[in-house]
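Architecture and fold: a report
What follows is the residue order along each chain.
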Amino acid sequence: MSGPRPVAAADRMTPNHASPLLSCRGLTKRFGGGPLACDRVDLDLFAGRIHVLLGENGAGKSTLMSMLSGWVRPDAGTLFLDETPFFPRSPALAARKGIGMVHQRFSLIEALSGAENLALAAGRALSPRAASDLARRIGLPLDPRKRVAELSMGERQRLEILKLLSRDARILILDEPTSVLAPMEIGGLYDALRRLADQGRAVALITHKLSEIAEVADEVSVMRHGRMAARNLTRRGGASGEWDTAELLRHMAGREVPGVSAKRAGAPKTAPGEIVLRAHALCGPDGPAAGAGVNLEVARGEVLAIVGVAGNGQGALAAMLGGMARPARGELSVLGRRPDRELVAYVPEDRHGTATVASMTLSENMLLTAAGRRGAVFSRKAGARAAEQAIDSLRVAASGADCLARELSGGNLQKFILARELSKSAPLLVMEQPTQGLDALSVSEVHAAILRAARTAAVVLVTGDPAEALSLADRVAVIFKGRIVGMLGSDEPDALDRIGRLMAGLVPERHAGAGRAGKEG
Amino acid sequence: MISLRLAIESRDSSPLMRAVLSVLLALVAAGFLGSLAFALAGGEVSATWRALIKGALGSGYSLSEILLKAAPLTLTGLAVALCRHLNLWNIGAEGQFVFGALSACAVGLSMPPGWPAYLGLPLALAAAIAGGAAYSLGPALLKARLGVSEILSTLLLNYVALLFMEHLYFGPWRDPLGMGFPGTAELPQAVWLPALFGSRVHWGLPLALGLSGAVWLLLARTRWGFSARVLGLSPQAAAYAGFSSVSLTVTAMCLSGALAGLAGAGELLGVQHRLQDGLASGLGFTGIIVAFLARQNPLAVPLAALFLGGLLVGADQLQTELRLPGAVIATLQAALLFGFMLGEFLAGKRLRLKISASGNDHAS
């Protein structure tokens with residue numbers, strides 16, 4: 001197999017003249033009965049360029065890249081390699097054609113050394129010396145004699161990249177490569193990727209971290225809800241220019257968000273009632289990354305959104321507010337008491353393992369948090385009745401209360417969970433990513449239900465989607481590295497833009513003060 | 001070039017189908033491996049099977065012996081099955097069985113002469129329940145508080161219990177009038193479990209049957225049982241629902257220990273009437289196989305216990321008539337367990353022969 005052709009730096013700046021190394025047109029994939037994971041997606045990857053694919057969790061990025069590298073078979077669409085139609089039937093075939101992907105979860109054999117793992121991938125023996133030469137040439141230093149179990153996550157990632165190179169990969173796809181790296185390792189990875197691109201390879205990175213693209217990307221595409229929202233964007237004013245962060249963010253969030261009108265028209269703003277949730281100097285149980293001195297106050301009749309890029313501590317914060325995790329330090333009270341299942345209706349992000357038990361019926365799942373939780377006898381009748389009501393209230397597509405939770409699609413299960421939690425009429429409602437993976441119609445139903453609940457309860461909405469936050473919430477708190485770095489009223493001018501910059505950690509905006517931030521809005 | 005390969009794929013099958021398939025496969029595997037063991041032990045295979053079946057079902061006496069064995073096996077099987085619903089492994093039913101027997105024996109030995117049965121027997125049974133539960137409390141707390149594997153702690157404590165029992169009947173509790181035989185004196189009749197219909201079968205059997213219904217009710221119809229099943233299926237969901245994994249784990253393990261302790265008391269108060277060698281003959285360990293054959297369903301446990309009881313009674317016959325080593329039956333039991341696990345695995349899968357033409361991958 002011939003090695004990739006080196007690309008002059010000038011080539012990078014004038015993409016329009018080159019033809020893409022790998023491209024796809026109309027790629028479509030649906031898993032099970034769920035919404036379309038990828039909906040007629042087009043993309044071009046060029047030699048010599050680093051392409052960043054941006055999008056929220058569940059936007060379809062990984063599915064798209066898995067289809068390019070043969071891990072997932074598309075339902076429809078065409079792929080072109082060097083402008084010839086091509087169908088990656090399996091990862092092995094894609095690898096033979098020079099396409100390789102590094103997944104978020106590595107596929108290394110821990111008991112073997114780095115060199116042995118490389119040999120397995122390359123299909124030929126590779127001496128440790130040859131392996132370490134290869135590693136040094138690329139700028140990914142690694143001791144190939146060490147067993148994988150002894151390697152750090154960063155070193156394992158290098159080994160995965162070397163595996164692709166040992167098979168002469170011309171197209172390298174990396175899924176969230178920085179998520180396993182310490183901050184100082186990220187620069188080294190980017191340098192190596194740049195070198196690989198300059199040698200004539202196409203590099204594609206998946207990320208949802210807006211802040212990371214600035215230094216590394218030659219091109220950016222943005223996915224949202226399975227669609228390609230913007231394709232092959234370039235920097236403002238040429239290769240050395242800046243990225244228009246606000247524009248990228250708008251593509252990520254989308255402009256049209258159902259539910260906006262529902263709030264403005266349906267519910268005239270009422271003065272917030274008594275303070276339901278009080279959090280003071282709250283710290284998560286797993287160190288500062290999981291909440292560091294968070295102060296919040298939320299009143300009855302008010303929606304507070306907590307917005308952040310995934311992995312900034314909002315999950316741990318939601319678990320504490322939802323009464324599932326105990327704070328390590330700080331005070332937390334709901335109407336003056338410790339949060340429990342009676343006081344807090346909580347919708348966690350994990351639908352299948354946490355919010356429901358997959359192999360139990362909907363009646364039984366109803367009894368997890370709602371319906372007849374008192375008394376020694378387990379009332380299946382009460383569960384069934386409540387489950388039927390929940391199914392009706394949000395029009396869950398389920399055959400009945402005896403249906404197993406795992407038989408529901410992700411979106412329908414989410415609607416069922418929401419209906420269950422709303423049925424409790426608890427004074428505090430905490431919801432994590434409530435509309436992730438739902439189709440547009442379900443999203444608007446869920447939004448309407450949240451706004452209905454907010455008339456009588458205090459609502460905390462944890463989301464990665466600034467547009468959703470702005471459309472539902474009265475106030476928006478932005479969380480970054482476990483801290484609330486800003487608190488905005490949703491009707492402030494250019495709120496979306498400011499939220500975007502705060503989420504990316506680009507603006508060290510005033511830290512939210514304890515009582516003040518809680519009371520404004 | 002055409003290549004053939006056998007692929008294992010998962011498939012959706014109804015729970016009933018799975019149950020039938022796995023039990024059937026268990027029996028087939030046991031039949032096959034058992035025959036192998038018989039042949040290796042030097043027996044003639046078909047004659048050995050005939051002797052086994054005749055030994056188990058051949059006479060009224062052997063049938064009552066099966067019922068006699070089924071009572072403790074039901075209780076130890078329930079002990080294991082109950083814990084399995086919380087995804088816990090109680091491998092210590094043998095030790096809890098012993099401690100139940102020891103506690104009941106202590107009550108019997110310290111009872112003033114002339115006590116009525118309506119006081120003595122309930123007291124001895126209550127002591128057995130408390131003893132079995134107390135013996136599993138340690139592993140339960142270690143598991144719930146510190147995450148220590150209950151498999152290891154309960155397994156190892158079995159040997160402690162067995163040695164402690166030996167110490168008692170060789171030492172402090174030895175019958176002074178026993179002419180040197182190791183064992184306690186015969187317990188007063190006030191603590192005996194009365195026999196049924198003039199046979200050796202005692203009230204332990206209806207008690208065990210009643211408890212299998214009670215355990216089923218507990219798991220299927222009470223809030224505690226619901227919480228326990230949620231914890232077993234998804235600890236995350238249990239935490240979300242606010243169920244306390246510590247208290248559920250500890251209560252379940254103690255209930256389990258109490259059931260095994262009752263089994264020990266049944267053997268002591270219903271059959272042996274004194275603490276002596278041979279009281280603990282592996283009925284606790286066999287409970288694991290009973291629970292598995294019953295697929296953890298408390299209502300099916302008595303049936304599985306009957307089956308295993310038959311195997312044990314038939315095996316006695318093999319040893320006395322054909323002079324085959326007792327280990328042959330242990331092998332048969334092991335084959336049953338392995339066959340069952342294989343069945344559980346295969347019942348959810350299907351084997352398919354895959355024919356693929358390789359070599360034209362590059363074509364597209």
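Residues numbered from 1 in each chain as written. Chains lettered and ligands numbered in written order. Predicted model: local features only at pLDDT ≥ 70, side-chain atom pairs only at ≥ 80, totals over all residues.

Observations concerning the overall build of chain A
Scanning chain A for helices and strands turns up 19 helices and 19 strands. Going through the 521 residues of chain A one by one, you find that 52% of them count as buried. Restricting the contact set of chain A to residue pairs at least 6 apart, pairs at least 24 apart contribute 71%. (Helix = DSSP H or I, 4+ residues; strand = E, 2+ residues; numbered from the N terminus. Buried ≥ 20, exposed ≤ 12 C-beta atoms within 10 Å, placed from the backbone. Contact = placed C-beta atoms within 7 Å.)

Some words on the sheet that holds strand β1 (residues 22–30) of chain A
All names here are of chain A. Pairing within the open sheet is antiparallel, and its four strands lie in the order β2-β1-β4-β5. Strand pairing shows two members of the sheet lacking a second neighbour, β2 (36–45) and β5 (84–86), which therefore form its edges. The sheet shows a mean angle of 25° between the axes of neighbouring strands, taken without regard to direction. Pairing between β1 and strand β4 (residues 76–81): five bridges, direction antiparallel. By the bridge assignment for β4, L22 is matched with L81. Across the sheet, helix α2 (residues 61–68) is in contact with β1, β2 and β4; its angle to β1 comes to roughly 120°. (Pairing = 2+ DSSP bridges. Axes fitted to C-alpha atoms, helices over the stretch in contact; angles between N-to-C directions.)

As for the nonpolar core
Membership of the largest hydrophobic core comes to 270 residues, with the highest contact counts inside it found for A305, L428, L461 and V478 of chain A together with A101, A104 and L259 of chain B. No other element matches helix α10 (residues 245–272) of chain B, which puts 14 residues into this core. (Core = buried A, V, L, I, M, F, W, Y, C linked by C-beta atoms within 7 Å.)

Let's talk about the environment of F97 of chain B
Residues and elements named next belong to chain B. Here F97 is to be found in helix α4 (residues 93–110). What makes F97 buried here is the crowd of 40 C-beta atoms within 10 Å. Considered as a pair, F97 and A133 are 36 residues apart in the sequence and their alpha carbons are 9.9 Å apart. With near-sequence residues (within four places) excluded, F97 lies in contact with T76, A260, G261, A263, G264, A280, L283 and G284.

Things to note about the packing of helix α11 (residues 283–293) of chain B against helix α13 (residues 327–347) of chain B
All names here are of chain B. Running from amino to carboxyl end, α11 crosses α13 at an angle of 35°, the nearest separation of the two axes being 10 Å. α13 is crossed by α11, and the crossing has left-handed handedness. Between α11, through T286, I289, F292 and L293, and α13, the contact on the second element is made entirely by Q333, L336, L337 and F340. Within the contact of α11 with α13, the residues separate by chemical class into six nonpolar, two polar and no charged. (Left-handed = near helix turned anticlockwise from the far one by under 90°. Nonpolar A, V, L, I, M, F, W, Y, C, P; charged D, E, K, R; others polar.)

Quick look at the environment of R73 of chain A
All names here are of chain A. Tracing the chain through its elements places R73 in the loop between α2 and β4. Assessed through the 12 C-beta atoms surrounding it within 10 Å, R73 is described here as exposed. Each C-alpha atom, one on R73 and one on V377, is 49 Å from the other, the two residues being 304 residues apart in sequence.

Observations concerning the interface of chain A and chain B
With 22 residues of chain A in contact, the opposing surface of chain B contributes 16 residues. Elements with a contribution of two residues or more to the side of chain A that touches chain B: α12 (351–355) and α13 (362–369) of chain A. It is α13 of chain A that provides the largest number of residues to the side of chain A that touches chain B, a total of four residues. Classifying every residue of the side of chain A that touches chain B gives 13 nonpolar, six polar and three charged.

A closer look at the domain arrangement of chain A
Interface size is commonly expressed as the accessible surface area that is lost when the partners come together. Structurally, chain A comprises domain 1 (20–98 + 170–253), domain 2 (110–167), domain 3 (260–343 + 426–519) and domain 4 (360–424). For domain 1 of chain A versus domain 4 of chain A, the distance between C-alpha centres works out to 39 Å. (Domains from an automatic or database assignment.)

Structural notes on the confidence of the model for chain A
All names here are of chain A. Confidence along chain A averages 80 in pLDDT terms, with 84% of residues attaining 70 or more. When pLDDT is averaged over each helix and strand of chain A, the minimum, 37, is found for helix α19 (residues 514–519) and the maximum, 93, for strand β16 (residues 428–432). Across residues 8–16, confidence stays below pLDDT 50; counting only partners more than four residues off in sequence or on other chains, it has eleven contacts. Per-residue pLDDT stays below 50 along residues 256–268; that stretch engages in 22 contacts with residues further than four places along the chain or on separate chains. (pLDDT = per-residue confidence, 0-100.)

With respect to unusual backbone geometry
With glycine set apart, most residues show a phi of negative sign, and most peptide bonds adopt trans. All names here are of chain A. Not every positive phi belongs to a glycine, and E176 is a case in point at roughly 45°. Along the polypeptide, E176 turns up in the loop between β7 (171–175) and α7 (183–198). A positive phi angle, near 45°, is found at S425, a position not held by glycine. Positionally, S425 belongs in the loop between α15 (410–422) and β16.

Things to note about helix α2 (residues 45–57) of chain B
Residues and elements named next belong to chain B. Given a rise of 1.5 Å per residue, 13 residues ought to cover 18 Å, and the 18 Å separating the end C-alpha atoms of α2 matches this to within 8%. Of the positions making up α2, those classed as buried are T48, A51, L52, G55 and A56. Along the long axis of α2, the arc covered by the buried residues comes to 125°, so they all point the same way. The exposed set on the far side of α2, more than 90 degrees from its buried face, consists of S46, A47 and R50. Where α2 is buried, its residues contact α1 (15–40), α3 (60–84) and α12 (301–322). (Expected span 1.5 Å × (residues − 1). Arc of directions from axis to C-beta.)

So, helix α6 (residues 153–166) of chain A
Residues and elements named next belong to chain A. Counted at 1.5 Å a residue, the expected span for α6 with its 14 residues is 20 Å, and the 20 Å between its end C-alpha atoms agrees. Here α6 has its buried residues at R156, Q157, R158, L159, E160, I161, L162, K163, L164, L165 and S166. Those residues of α6 that are buried lie in contact with β6 (99–102), α4 (114–122), α5 (128–138) and β7.

Points about the pairing of strand β18 (residues 475–480) of chain A
All names here are of chain A. Among the six residues of β18, six are classified as buried, and the element is accordingly described as predominantly covered. Neither face of β18 is open: one carries R475, A477 and I479, the other V476, V478 and F480, and all of them are buried. Note that strand β13 (residues 303–307) and β18 share four bridges and pair parallel. When the bridges of β18 are listed, V307 appears paired with V478. Linking β18 back to strand β19 (residues 483–489) in an antiparallel pair, the connection comprises two residues, with K481 at a positive phi of about 50°.

Focus: the confidence of the model for chain B
All names here are of chain B. Considering every residue of chain B, the mean pLDDT works out to 86; 92% of them sit at 70 or more. Throughout residues 358–364 the model reports pLDDT below 50, and contacts reaching past four residues in sequence, or to other chains, amount to six contacts. Interface predicted TM-score (ipTM) for the complex: 0.78; the corresponding pTM is 0.71.

Focus: the sheet that holds strand β17 (residues 458–463) of chain A
Residue and element names in this part refer to chain A. An order of β15-β16-β17-β13-β18-β19 is seen for the six strands of this open sheet, with the pairing classed as mixed. Two strands in the sheet have a free side with no partner beyond their single neighbour: β15 (344–347) and β19. Sheet twist, expressed as the average angle between the axes of neighbouring strands with direction ignored, equals 15°. Here helix α11 (residues 314–321) sits on the sheet and contacts β13, β16, β17 and β18; the angle it forms with β16, its principal contact strand, is near 155°.

Some details on the packing of α11 of chain B against α12 of chain B
Residues and elements named next belong to chain B. Viewed as axis vectors pointing N to C, α11 and α12 meet at an angle of 125°, and their least axial separation amounts to 8 Å. By the criterion of interaxial angle, the relationship of α11 to α12 is oblique. When the axes of α11 and α12 are compared, the crossing they make is right-handed. On α12, the residues that touch T286, I289, V290, A291 and L293 of α11 are V301, A304, A305, F307 and L308. Here the residues of the contact of α11 with α12 sort into nine nonpolar, one polar and no charged. (Parallel < 35°, antiparallel > 145°, perpendicular 65-115°, else oblique.)

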